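Structural overview for review
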2 protein chains.
Amino acid sequence: MNISLDGIFRPKSIAVIGASTKKGAIGREILHNLIEGEFNGKVFPVNPKATVIHSIKCYSTILDVPDAVDLVIIVTPRDQVKSILEQCGEKGVKGAVVITAGFKEIGEEGAKKELELVEVIKKYNIRMVGPNCFGVLNTDPEYSMNATFSKVQPIPGTVGIMSQSGALGEAILDYANSLNLGFSMFVSVGNKADISGNDLLAYWEDDPNTHLILLYLENFGEPRTFTRIARSITRKKPVVAVKAGRTAAGAAAISSHTGVLAGLDVGAEALFEQCGVLRVGTVDELFDVAIAFTNQPLPKGDRIAVITNAGGPGILATDAVVSVGLKMAEFEKKTIAYLRKNLPPIASVKNPVDVIAAGGPESYRFAMDAVMSDKNVDAVIVIFVPPVVVDHRAVINAIVEMIEKHKNVKPVLGCFMSEADGIAGSEQLTERKIPIYTFPESAARAVWAMARYRKLLDRPAGKIIEYKVDKKKARGIIDKAIQKRNDHILGAEALEILDAYGIRIARSINVKAAKDLKEAARTLSFPVAMKIDDPSISHKTDVGGVVTDLRTQAEMEDAFKIMKKKFANKGKKFSGVIVQQMVRGGVETIIGMHDDPAFGPLMMFGLGGIYVEVMKDVSFKVHPLTDFDADEMIKSVKSYPLLIGFRGYPSVNVPVLQETILRLSQLVADFPVLKSFDVNPFIVTSEVNKSKAVDARFTIDSQ
Amino acid sequence: MNISLDGIFRPKSIAVIGASTKKGAIGREILHNLIEGEFNGKVFPVNPKATVIHSIKCYSTILDVPDAVDLVIIVTPRDQVKSILEQCGEKGVKGAVVITAGFKEIGEEGAKKELELVEVIKKYNIRMVGPNCFGVLNTDPEYSMNATFSKVQPIPGTVGIMSQSGALGEAILDYANSLNLGFSMFVSVGNKADISGNDLLAYWEDDPNTHLILLYLENFGEPRTFTRIARSITRKKPVVAVKAGRTAAGAAAISSHTGVLAGLDVGAEALFEQCGVLRVGTVDELFDVAIAFTNQPLPKGDRIAVITNAGGPGILATDAVVSVGLKMAEFEKKTIAYLRKNLPPIASVKNPVDVIAAGGPESYRFAMDAVMSDKNVDAVIVIFVPPVVVDHRAVINAIVEMIEKHKNVKPVLGCFMSEADGIAGSEQLTERKIPIYTFPESAARAVWAMARYRKLLDRPAGKIIEYKVDKKKARGIIDKAIQKRNDHILGAEALEILDAYGIRIARSINVKAAKDLKEAARTLSFPVAMKIDDPSISHKTDVGGVVTDLRTQAEMEDAFKIMKKKFANKGKKFSGVIVQQMVRGGVETIIGMHDDPAFGPLMMFGLGGIYVEVMKDVSFKVHPLTDFDADEMIKSVKSYPLLIGFRGYPSVNVPVLQETILRLSQLVADFPVLKSFDVNPFIVTSEVNKSKAVDARFTIDSQ
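Numbering of residues begins from 1 in every chain and follows the order in which that chain's sequence is written. Written order decides the labels, with chains lettered from A and ligands numbered from 1. pLDDT decides what is reported in this predicted model: residues at 70 or higher carry local features, side-chain atom pairs at 80 or more are listed and counted, and totals for whole chains, interfaces and linings draw on all residues regardless.

As a further point, take the overall build of chain A. In DSSP terms, a helix is any run of H or I states spanning at least four residues, a strand is any run of E spanning at least two, and both are numbered starting from the N terminus. On a plain count of helices and strands, chain A comes out with 23 helices and 31 strands. Over its C-alpha atoms, taken along the principal directions, chain A stretches across nearly 95 × 80 × 40 Å. The proportion of buried residues among the 703 residues of chain A is 54%. Exposed residues have 12 or fewer other C-beta atoms within 10 Å of their own C-beta, buried residues have 20 or more, and partly exposed residues fall in between, where C-beta atoms are placed from the backbone.

Dropping the structure here:
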């Protein structure tokens, strides 16, 4: 299969199959948009029932078109699409955009039909967008292709945008136009039967016309592929995403501890964070961020200056800056002195600078000049509330002048609190590529995204470490469970898997009968703990199924007797006990994994017991983990101070924790059959040798 | 002083003092707005330099006006304002709106001038808005008064709005007009030298024209007054607020534990919550919420139905509904059956209902009819993404028809994802008072506010309980500290204050010399703890200043010896120890208070130790507390499950905790001199008698 998408985005000729003479019909609107947009190539309408459409000669079938056709747009009834694609194959078409709906999105029957299309395109080496999509566009003047049925004509620009919702596509094009935001390419991916979001990301990675990528996602086809591609592309250009469907995953039935905690939306959150993708919550935030990125340089840091002519909006901006996690810049002394000298006496010369309502163009000029030259300032938000007493056109001129003077050094974002449509003269700013917002919160969010992207660019890439492990031993244990059709691996066997992967474990021995206690006492060193060996009891302590701190064989024997009496009592067969070496001191942690249907394995870390169970204080990352990821997982729980010696607590060996997490990540990579696990507790102490896993449970796909 | 604001808002005649002939001057624009807005009374321009302004005869001074004048708008230079107010007093004017700036907002000199104004108005019983404000308006046709210098003419309506920022006032009027939102009254309060936000709330409480109150606040003049008024008014009409300056408080120097945790913004948050005021984050959210409240009935619950013609926006809406804390409704069986029968076969008939792109007016009609009749649905969000293939006017007609049919029963919010200006025909919806949003998130936020208001209306009012306490004893201890100019009350004395307020304490005795240990042993029952009695050491355990579980007098003597040696060692005078009865078992909690400069006393509750110090798991309420407040404080910490018997932990007596908090609230009311305290720990056990305060520290204003 050809991997390039040039057949879709860079055609020399296009046929619209199912072109229509009827105004309002999709088959007419797409043809119209291609012509109206002055597609830089030949367009052929195809429809057996017409001889001419939109003043262009119409052909009965694609095979009748006398010239070569690179791309077809298909708008026919569903059941014709397959045979049309066959004809396209014969004709040597390279790309197809299938607008027609009625495939996978309507259920089983449609899904079958969709698979048939895929078979055809594979046979003929055609790349396909859709089916069930809104079309594609490429504003590059060499192509100038608008193959959508949008009612608005897009503005050429540098943003590549992918929408997984066709309907939202129209809304997106509309909204972008209202913000004067220009696209390089736009793709409505529809059902993604062939071309996926991941393909587009890969295609755009080196596209010189695309400087910023916006994604509207409903799911990740292949999260592992997404991770790989996104990690690479975000080092070259920013990717901003809205991910819908945050709450869907919650419904799935989930068995492991880690799985329950994963819940809601941590998968997407972790995935984006690790890949360096900037996630925003809503479509309008997507655009707030986009107009900043496309028009302004990145800030070098997170120190923001605010200039305003009104106190209230200045306070709102300060709040917004701080609450998105940025800092208000502290000006250099010379800046303050300069402002004091040049602004009206009642102006505020600290950040936020308030040039006051009477402050006209001169005040803005002085303030911007000083603030943009201040080395403690990384980005500037300029607020202007047009008062009656000031000529707002002159103020806008002053702002433009100062931006030109300090060109491309620091980002400047405007906030004009006026009618929704902006004020007269503000189009000047749009021309000068100054992003303008109505409310300071939007401006703050946009600078946040830019500062965050800068930070992501600067963070270490991290590496995936390969440890020497006994994979064969682990495979033996897992295979045995699969053969027995066990869903779980528990107790001693579970710990043996960890042991095979170089993770220290508290030794344990299963004891079925009192006579075997002697052997156990010989093998393990005292003190030991004794636990009832019954997988059906998950909170053993609560039911008296755990006795700790046994120091002699006699104590062991007594404990065994009591436990046998207690658990054989309830009409159940007594299944024996586990005798385990005790780990003294240290901090209980839990390390888990849950194989998310959408994101693949999610790794979890948290402090054990109450911190996990009551406080839900855990961190997640998407597998596979780099050393950097493991480090961040540990540091990002709120209870982290308890690991590094908070108020009399002993500090523990954090590197051994990190290594344990990475070894478990390797285990996950080696055995896709693992559906989840909880290593709970892994007790970490100040000494590497005394930090051990005490209990673990795996669930496996044994079907 | 007269308490009514009628002199301001219901004048029969207005003089504009400082009226100007110059277009663009504030003194001309206000006069113009009064005339343009057809003020239903007489308007008199006053300016010694003119004989006529805006075609109306102009007078040299207010005293020259031949008729009575109810209200004056003052736009003169600052230094004339005082003598003009004197003249107004002589004239018998009832209200003054002082637009003129240059008072408190510019510093000390201005503040002095402002105080002079206040003296004059008090003398003459004039009520005043401002100085330094944008004006006032009352759209009631009986008055029809626009006494602002706004460039836009407001729309009459039912919203009362108070802005603490003049500049934002103009922006607010602009933005409201763009949303077609109408005002009853608008007030820019300026420096609030006389009329405050609290006065306005009280005035609007019974104003029949005002159904909804919007506040833009930068601070609370009198938080206790605000609390009292807001608690009452929010039971009658919703109050929605934006509070700017969320981060300012963080800068203040703060000494107590509770104070440090209070930080950022908890005061405002707690205050709003307790008063039933709906807080939103931004000015645009304020309006999103306002257009829903003014036009739609309150929902009876929090179960939301979404109807859409496009999958993506439906998912976004579902996300938004769930993430603001509302629920997606589960339809009745008959609803699903009806939808299945009447919608296209590939439509989704579960919530969100997707009538699909081809779904025209009929589909919307069926879907809305069914969903609005469903008894499991409390509110409906209708999304419409206008597709090419559908006549959107017909769809809008269908939506209107269904809303008329089910009139005033459930709120319906529209979301039309199209150009920012809305789609042709949507003005019909505005006329029908259907709030329309561009993005589903805004609609969800608006329903959230309505559902939240309904919930606040339903919650119990709570009562402030008065316990019988020994106030005199507490006063004795506090007065002694003040006489000694001590900032702190610690140890045994601090506990005695609690004892006086009926809070059980762990008895303790200060021991300076070994010979006194015997007496201590006799008075207290074993086991006891011994702590170094040095107020300069705040974490005594960390430095070995605490010995616990002493069981005999001999053990006490040994411990005393060691402690004396340790602490006399460091060149410091040994100050003795505190011997205290030990409290066994139970859960450590901390109950604190911090007197916030803006909000007055903030009460805090949390579980002791790590939960407070590392996890910051605490709850705050503004003083005074009702029984309901105390109960909510306890239940809203994340670690609450540890109090009610989580996994083998013993459950404790929660009522004694509640009572302790309420007794402390009473103490705070009785002694405004208290600046902060930490009762840390208060150990709560399963038995009331064994739940005791172990340590406490107060800081007092001893100056």
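Right, let's get into the interface of chain A and chain B. Between chain A and chain B, the residue contacts involve 60 residues of the former and 60 residues of the latter. Put simply, the parts of the chain that give the side of chain A that touches chain B at least two residues each are α2 (26-36), α5 (166-178), α10 (283-295) and α11 (311-323) of chain A. Tallying contributions element by element places α11(A) first for the side of chain A that touches chain B, with nine residues. Asp, Glu, Lys and Arg are counted as charged, while Ala, Val, Leu, Ile, Met, Phe, Trp, Tyr, Cys and Pro are counted as nonpolar; the rest, among them Gly, fall into the polar class. When the residues that make up the side of chain A that touches chain B are grouped by side-chain class, the tally is 30 nonpolar, 16 polar and 14 charged. Each residue is represented by a C-beta atom placed from its backbone, and any two residues with such atoms within 7 Å are regarded as in contact.

Let us now look at the domain arrangement of chain A. Domain assignment breaks chain A into domain 1 (6-210) and domain 2 (297-458). Domain 1 of chain A and domain 2 of chain A are separated by 43 Å when their C-alpha centres are compared. Annotation comment: domain bounds sourced from an automatic or database domain assignment.

With that settled, the discussion passes to the relation of the copies chain A and chain B. Each of the two chain copies can be generated from the other by rotation about an axis followed by a shift along it. Superposition of chain A onto chain B requires a rotation of 180 degrees combined with a translation of 0.0 Å along the rotation axis, giving an RMSD of 0.1 Å. Overall, the copies show the geometry of a two-fold rotation axis. Our superposition of the copies is a least-squares fit, built on the C-alpha atoms of residues whose pLDDT is at least 70 in both.

Residues and elements named next belong to chain A. Within the secondary structure, Gln-87 sits in helix α3 (residues 81-91). Judged by C-beta crowding, with 18 C-beta atoms within 10 Å, Gln-87 ranks as partly exposed. In sequence terms Gln-87 and Leu-63 are 24 residues apart; their C-alpha atoms lie 6.6 Å from each other.

Moving on to the confidence of the model for chain A. Residue and element names in this part refer to chain A. Per residue, pLDDT captures the predictor's confidence, and it can take any value from 0 to 100. Overall, the predicted model of chain A reaches an average pLDDT of 88, with 93% of residues at or above 70. Under a pLDDT of 50 for its full length, residues 248-257 has, in the predicted model, 19 contacts with residues more than four places off or in other chains. With pTM at 0.83, the complex prediction returns an ipTM value of 0.78.

Residue and element names in this part refer to chain B. Taken together, the five strands give an open sheet; going across it, the order is β2-β1-β5-β6-β7, and neighbouring strands pair in parallel fashion. Of all the strands in the sheet, the pair left with one neighbour each is β2 (42-46) and β7 (127-129). Across the sheet, the axes of successive neighbouring strands diverge by a mean angle of 20 degrees, strand direction being ignored. By the convention used here, strands pair only if DSSP detects at least 2 bridges between them. Sheet topology note: the strand β1 (residues 13-17)/strand β5 (residues 71-74) ladder contains four bridges and is parallel. Bridged to Ile-17 within β5 is Ile-74. Axes here mean lines fitted to C-alpha atoms, for a helix over just the part in contact, with angles spanning 0 to 180 degrees between N-to-C directions.

The next subject is the packing of helix α6 (residues 197-205) of chain A against helix α7 (residues 223-233) of chain A. Residue and element names in this part refer to chain A. Direction vectors running N to C along α6 and α7 enclose 20 degrees, while the axes themselves pass 10 Å from each other. Judged by the angle between their axes, α6 and α7 are roughly parallel. Crossing geometry of α6 relative to α7 is assigned as left-handed. Seen from α6, the contacting residues are Asn-198, Leu-201, Ala-202 and Glu-205; seen from α7, they are Thr-225, Phe-226, Ile-229, Ala-230, Ser-232 and Ile-233. When grouped by side-chain class, the residues that make up the contact of α6 with α7 number six nonpolar, three polar and one charged. Our angle categories are set so that under 35 degrees counts as roughly parallel, over 145 as roughly antiparallel, 65 to 115 as roughly perpendicular, and the remainder as oblique. Handedness of each helix crossing follows the sense of rotation of the near helix against the far helix: counterclockwise by less than a right angle gives left-handed, clockwise gives right-handed.

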